[in-house]
Structures are given as C-alpha cells and as structure tokens.
Protein chains: 2
Amino acid sequence: MTEFVLDERLARRPVAADWGLSTVLFVDDARFPWVIVVPRVPDVTEIHQLSAGDQAALIGEVARASRALKAAFHPEKINVAALGHHVPQLHVHVLGRNRSDPLWPDPVWGPGEREPHNPVPYGDPGFGEALEKLRAALDRVMF
Amino acid sequence: MTEFVLDERLARRPVAADWGLSTVLFVDDARFPWVIVVPRVPDVTEIHQLSAGDQAALIGEVARASRALKAAFHPEKINVAALGHHVPQLHVHVLGRNRSDPLWPDPVWGPGEREPHNPVPYGDPGFGEALEKLRAALDRVMF
C-alpha cells in the first residue's frame, strides 16, 4: 500500500489543522478567507474514489472548515469545490465570499492560471495574524 | 416546517433522477456532461447547514452522480462545486472535464455570467439522447 505524500505544490501552504482524515492548508490571499482540505488518502484524485466512510468524514471536515471560516472571518457565502485541473491529488477548496469582494459573482479560479488566480498576499504581519485567527477557529468549531 | 420547493431557475432543467436526498438535474451544455445535485431540504444554502446524516447522503449521491457521468460519457476528470452566487438554494455541480474540452483548464463557471456560462446546447435529438444515456447510467450505478 502506498503511503500518503502531500503534493509539493499543496505542501508550500502552511498547515492550519490536522484532523482525522484531512490536513487543512491556509491560502495566502487576503481577498478571500480560504483553506484547502486534503484527505490523507494515497492515490486518490476524485471524491468517488474514497470509501463511503471517508466520503462522510471528508464532507464533515469540509463543513467544519466552513463553520470555522464563518466564525473567524464572517463571509456571507461559502464556496466548496474539488477541481484538480492543475494539482491532481484530491483536494477541496473551502473559501468565503462576500458581495463586496473583488471577484463577486465570478469564481475565484481564474482562466488559464495557477491556483489561486493572481492572489493578493496578506503581507506581514497580516498573514500570521490571519493564520492564528483561523487556527483558533478550526480548533474551536465542532462538527 | 417549510416544505422544499425547487428554485425556479433550477426547475427549468429536466430531472434525470430522484434519489433519497437529492434531485439530479441535467444541464443542456454539449461541451460537458453536467448534472446538478439538489438536496430536497428546505431553507438550506450551505453544506454545513445540513445535518451530519444529510451531509453523508449528499456526498454519497455526488459520488454516485460522478460514477454515472464516468460510465455514460467517459470524462477524464470530475469537477464538484457548490457555489450559489446566482441561485442561493444549495445545489452541487457535478460535471465531467477533458483536457481536450474548450475551456480546460479553466473552470466552467464564467466571469459575471449566469450558470452555465455561454452553454452550447445539444440540440435535437442530441439532448434527449444524452439525457436517456445519463438516466440509464444513474439508474445502474450504485454507491
């Protein structure tokens, strides 16, 4: 059986939480509170390749991440998406949107570009502060 | 308790299947095999508002729809997304992508447009034929 290894492009992002199934990564884009939920299951590129138990755990952890984003950053709307055109390893984007954000109502995944599309970095100390706020919310928020 | 009523914009699409939790709608865009999975739960706009049981049922039905799309249309990749910027009622897009499709690797949800973005209709009899092929696969494919 293969061991799970986080894709190196995903691994560049800081870990915000490690849960039962998934590792939660924080995306450095100040326009949107944004995490990536990565189930630590080797050789999986599609949700339907997971066992029924892992599927249920994944959506539970996606919901928990959504609640934490709401608690920490108060977005109006949550987006959830598994795309994988650039990074095949299964990963689920969970991010907050607001009617006042710079891309509303467009999706955040832009034409022909890497994920995320033209990010606006938090800078220093904004990134560390946002990550700490997120980590506290991820710890606090239950299923 | 409110009764569930399918959003009228979603209701314009033909029903491909009615499952335990969700109704599966077929999208008339010949570029991508595409369904919309709508849990029949009133007043829900976000996945994390569903009960844990309904969350597990939803991801199971999303997986089942993914398998049916693979079986009927053989796409290389499945996209799964809950966005809801235009239609707030919770609905999950499940669609097939190919490296040769006209938008790869961009997402199918285009800037500032209705869902789907500039669809290319199947026409007649292509739409009915595709719908029948999908329905047969949705019936056949188990969890």
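Definitions and cut-offs
Residues numbered from 1 in each chain as written. Chains lettered and ligands numbered in written order. Predicted model: local features only at pLDDT ≥ 70, side-chain atom pairs only at ≥ 80, totals over all residues. Heavy atoms only, no water. Least-squares fit on C-alpha atoms with pLDDT ≥ 70 in both. Contact = heavy atoms within 4.5 Å. Buried area = accessible area lost by both parts, 1.4 Å probe. Salt bridge = Lys/Arg side-chain N within 4 Å of Asp/Glu carboxyl O. Polar contact = N/O pair within 3.5 Å; in protein donor to acceptor, adjacent residues only side chain to side chain. Helix = DSSP H or I, 4+ residues; strand = E, 2+ residues; numbered from the N terminus. Buried < 20%, exposed > 50% of the residue type's maximum accessible area, 1.4 Å probe, protein only.

Draft legend 1. Just the relation of the copies chain A and chain B, in detail. Each copy superposes on the other: chain A lies on chain B with an RMSD of 0.0 Å after a rotation of 180° and an axial shift of 0.0 Å. Read as a symmetry element, the transformation amounts to a two-fold axis. Most of the interface of chain A is mirrored in chain B, where 100% of its interface residues again form contacts.

Draft legend 2. The arrangement of the interface of chain A and chain B in detail. Taken together, the contact between chain A and chain B spans 33 residues of the former and 33 residues of the latter. Summing the contributions of chain A and of chain B, the shared interface buries around 2900 Å²; its carbon and sulfur component is 59%. By the criterion of area lost to chain B, the three top residues of chain A are His48, Ile59 and His85 of chain A, representing 24% of everything that side buries. Counting across the interface, chain A meets chain B through two salt bridges. For Lys77 of chain B, the salt bridge identified is with Glu46 of chain A, shortest N-O distance 3.0 Å. Counting the contacts that link chain A with chain B gives 16 residue pairs in polar contact (both at pLDDT 80 or more).

Draft legend 3. The arrangement of unusual backbone geometry in detail. All names here are of chain A. Cis geometry marks the peptide bond from Asp124 to Pro125; its omega dihedral reads 10°. With respect to the helices and strands, Pro125 occurs in the loop between strand E5 (92-97) and helix H3 (126-140). Although it is not a glycine, His74 adopts a positive phi angle of roughly 55°.

Draft legend 4. Seen up close, the pattern of salt bridges. All names here are of chain A. Applying the stated criterion across every chain yields a total of 14 salt bridges over all chains. We note a salt bridge from Arg40 to Asp18, for which the minimum N-O separation is 3.2 Å. Placement of Arg40 in the loop between strand E3 (34-39) and helix H2 (52-73) and of Asp18 in strand E1 (residues 15-18) is noted, with a sequence separation of 22 residues between them. Overall, Asp18 belongs to the exposed group, its relative accessible area being 53%. A salt bridge links Asp29 to Arg31; its shortest N-O distance comes to 2.7 Å.

Draft legend 5. Structural context of the side chain of Gln89 of chain B. All names here are of chain B. Among the secondary structure elements, Gln89 is positioned in the loop between strand E4 (77-82) and strand E5 (92-97). Exposure remark for Gln89: the relative accessible area of 17% places this residue in the buried category. Residue contacts for Gln89: discarding those within four places in its chain leaves Phe4, Val5, Leu6, Asp7, Leu10, Val38 and Val44.

Draft legend 6. How the structure looks around the environment of Trp104 of chain B. Here Trp104 of chain B is to be found in the loop between E5 and helix H3 (126-140). Overall, Trp104 of chain B belongs to the buried group, its relative accessible area being 19%. Discounting residues that sit within four places of it in the chain, Trp104 of chain B has contacts with His85 of chain A together with Lys77, Arg97, Asn98 and Arg99 of chain B.

Shape descriptors only; they carry no functional weight alone.
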